[in-house]
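Next come the chains, spelled out residue by residue.
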Amino acid sequence: MFNKNDERAISAIRALSIAQIEAANSGHPGLPMGAAPMAYVLWNKYLKANPKNANWFNRDRFVLSAGHGSALIYSLLHLAGYDVSIDDLKNFRQIGAKTAGHPERGHIEGVEVTTGPLGQGFAQAVGIAMAEKHLAAIYNKDDAQIIDHYTYVLCGDGDLMEGISYESMSLAGHLNLSKLIVLYDSNDICLDGATNTTFSEDIQKRAESLNWNYIKVEDGKDLDQIYEAISHAKGNFQGPTLIEVKTIIGYGSTKQGTNKVHGAPIGEEEFKKAKEIYEWTEDDFNIPDDIYETFADGIARTGEEENQKWDELLKTYEEKYPEDYKNLMAGINRELPENFMDEVKKYSSDDKAIATRASNGEIIQDLAKINPNFWGGSADLFSSNKTNIKDTVAFTDRSPEGRNVWYGVREFAMAAIGNGIIAHGGTWHHVSTFFVFTDYLKPAIRLSALSKLPLTYVMTHDSIAVGEDGPTHEPIEQLAMIRSIPDAIMLRPADANETRLAWKLALESKEKPVVMALTRQNVGNLKETENLTEINKGAYVISDSEGDADAIIIATGSEVELALEAKELLAENGKNIRVVSMPSMELFRDQDEAYKEEVLPKEVTKRISLEMGSTFGWAEWTGTDGLNIGIDKFGQSGKGDEVTAEYGFTPEKVVQKINEKYFS
């Protein structure tokens, strides 16, 4: 099956990877040196991908969850024929280079998801496999398997130690994601030393208890063993498969098998010795033509042929199933129907007060009717988040067309899996839990933003008005935390109509994740939002002053209604107050100075922020003479309205604070 050409190709992968790290004097050589054989077998013998068309939709996906071994994937991408040059490899880890320290989605061709924070690549791969299974159930026909690909992962001990890998493995096994195959680089070494100092569980028992298949390759240099293991894994139709491949970290170095080769360059002398072991005589970054030919005859040729077959199948599919074709292409291209919001419920001030989590639930029903590629899930809180789609079933192995994902109490995995679903493409997805639990999933929100993945986070129970559940469930600092993440959009809508427009913004987003914070308690449907058409500018004057403004109240969420009530009380004492609704600081910050001046004129220095959360960050909008009414301590248990009153969020108490600051 394998010959000298294959062995030389593996040596080229190792040599290129080490050369990158030596040139940068930075990086992790141990994984590429040990895992190159399994990576080669997978890439050049199994991976269905077209280097000349990196975004071909039905390609197999490969995720290097152990992202510190990034030199490995960059070497593979170059040798396979992706748009990754030798110069890109020479600039490994340098400013402006494609070849960043850890793989970044969208930064370099052929990298499916951003990895490096251990465990998140694994979880994103679960999301990719879920998306494949869901789309296949919706669009495949007996005579047209239009969505049909595998998801492969290369992970390490560190990935498997992270709690998120337990969460995501558990869900993947439960959902029978049989087209998910994980290659576990089992080398018994972690950064600080031997893995057995911290990790001694039986991986086979763990995998099998989570409804995974388990295969072991005793010798990670044995190409035939690796090939047969992957072949066997592809033949499994019940459960995903974990292939434990025993490797030697830093193979070829005199320090192989130790943590000394995990995360630092091996040096010129060690590199020379390793090349002798590999029988590699070429200069650094010099790759003979026969190596390129080996890859051209493997992944490149097979990928191009498979891509062409799929293109032909897609043409036939368009002719036979035009409506399904149209919907599939809309999902792949992230295109929404023109004026799609016309079909989404609007709210009148005559309607009864409703929690924004509840109006959100109604809006979701309309969106689901409009967009067949719209689905989502909750971390065991559908009944509280109100995010379930009512005219469908749960996404399960038996009903993969289902549009409600029961993520279970796995908040971090849920968010990272959601990133994988969006990275796969073809659908719009939302995840949901209580807002306070953004603490559990914040690292995944960060990767959403870094990776330019427009995942929607629906976070309910957004303030101390949660009430009886007490301070453990009452968010304080979470708004400020999410607002601090670059390229994430934090939305706290004031009422049902702002919530409706928050969804418009989220679905139209191409590259930024949107986090919505929604109320548990009822809020009025404001007269002022009935004709609102967008909140894309982040803030707007919801109620202007009668004449020149004496002060401006800037509020978010449920406190907008409170601000309007405070304005009326202040008007009774002859004060002209402008009220600004600011559902998104980030979007407002992005506006030009003219619009900012229109909403918050500089001459009005008496500015009040009103929000049931940390006051951190509000000085940007209220200035040095500002009054920031918020909560800079933890909440407490009690009836919601009593708790909010206790913390000063009544019209009378707000007005008292404003008068004491500005008008006494």
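Conventions and cut-offs
- Residues numbered from 1 in each chain as written.
- Predicted model: local features only at pLDDT ≥ 70, side-chain atom pairs only at ≥ 80, totals over all residues.
- Heavy atoms only, no water.
- UniProt positions renumbered as here; feature names shortened; annotations may be inferred.
- Helix = DSSP H or I, 4+ residues; strand = E, 2+ residues; numbered from the N terminus.
- Rg over C-alpha atoms; globule rule 2.2 N^0.38 Å.
- Contact = heavy atoms within 4.5 Å.
- Lys, Arg positive; Asp, Glu negative; His and termini not counted.
- Charge placed at Lys NZ, Arg CZ, Asp CG, Glu CD.
- Expected span 1.5 Å × (residues − 1).
- Bend = angle between axes of the 7 residues up to and from the residue.
- Buried < 20%, exposed > 50% of the residue type's maximum accessible area, 1.4 Å probe, protein only.
- Phe/Tyr/Trp six-rings, centres within 6.5 Å; stacked < 30°, edge-to-face > 60°.
- Lys NZ or Arg CZ within 6 Å of the ring centre and 35° of its normal.
- Pairing = 2+ DSSP bridges.

In the nomenclature of an unreviewed UniProt entry, the protein corresponds to Transketolase from the organism Anaerococcus martiniensis. UniProt lists a comment for the protein under the heading Catalytic activity (unreviewed entry), and it reads "D-sedoheptulose 7-phosphate + D-glyceraldehyde 3-phosphate = aldehydo-D-ribose 5-phosphate + D-xylulose 5-phosphate". Regarding the protein, the relevant UniProt record gives this comment under Sequence similarities (unreviewed entry): "Belongs to the transketolase family."

A.B. asks: Where do I start with the overall build of the protein in this structure?
C.D. replies: Each helix and strand counted, the protein has 24 helices and 18 strands in total. Scaling as 2.2 N^0.38, a compact globule of 664 residues should have a C-alpha radius of gyration of about 26 Å, and the protein matches this with 27 Å. The principal-axis extent of the C-alpha atoms belonging to the protein is close to 90 × 60 × 45 Å. In the protein, the share of contacts with a sequence separation of at least 24, taken over all contacts with a separation of at least 6, comes to 77%. Here the protein contributes 67 positively and 103 negatively charged side chains, and the mean placements of these two sets differ by 1 Å.

A.B. asks: Just checking my understanding: could you explain helix H16 (residues 438-450) for this structure?
C.D. replies: Since the α-helix advances by 3.6 residues per turn, residues separated by three or four positions end up pointing in the same direction. In this model H16 runs 17 Å from its N-terminal to its C-terminal C-alpha over 13 residues, within 8% of the 18 Å that 1.5 Å per residue would give. At Ala-444, H16 shows its maximal kink, close to 30°. Among the residues making up H16, those that are buried are Thr-438, Leu-441, Ala-444, Ile-445, Leu-447, Ser-448 and Ala-449. Packing partners of the buried residues in H16 comprise helix H5 (120-139), helix H15 (411-424), strand S9 (428-434), strand S10 (456-460), helix H17 (478-483) and strand S12 (514-517). Once H16 ends, the next one or two residues include Lys-452, with phi positive near 60°.

A.B. asks: Where do I start with the packing of aromatic side chains in this structure?
C.D. replies: Aromatic rings considered in pairs are described by the distance between their centres and by the relative angle of their planes. Evaluated as defined, the whole model comprises 18 aromatic pairs. Ring geometry for Tyr-74 and Phe-92: centres 6.0 Å apart, planes at 70°, overall edge-to-face. Here Tyr-74, found in helix H3 (residues 70-80), pairs with Phe-92, found in the loop between helix H4 (86-90) and H5; they are 18 residues apart in sequence, far enough to count as distant. Residue Tyr-74 is classed as buried on the basis of its relative accessible area, which comes to 0%. Ring centres of Phe-437 and Tyr-440 lie 5.5 Å apart, and the angle between their planes is 35°; this geometry places the pair in the tilted category. Ring-pair connections join several aromatic residues into one group, and the members of that group are Phe-2, Tyr-46 and Tyr-227. A cation over a ring is seen here: Arg-61 above Phe-57, with NZ or CZ 5.5 Å from the ring centre.

A.B. asks: I'm lost on the pairing of strand S7 (residues 374-378) in this one. Help?
C.D. replies: The side chains of a regular strand alternate between the sheet's two faces. The buried fraction of S7 amounts to 5 of the 5 residues, a majority that puts the element mostly inside the structure. Every second residue of S7 is oriented toward a common face, with Phe-374, Gly-376 and Ser-378 on one face and Trp-375 and Gly-377 on the other, all of them buried. Bridging between S7 and S9 involves 5 bridges; their strand directions are parallel. Across the sheet, the residue bridging to Trp-375 is His-429, located in S9. Sheet topology note: the S7/strand S8 (residues 404-406) ladder contains 3 bridges and is parallel.

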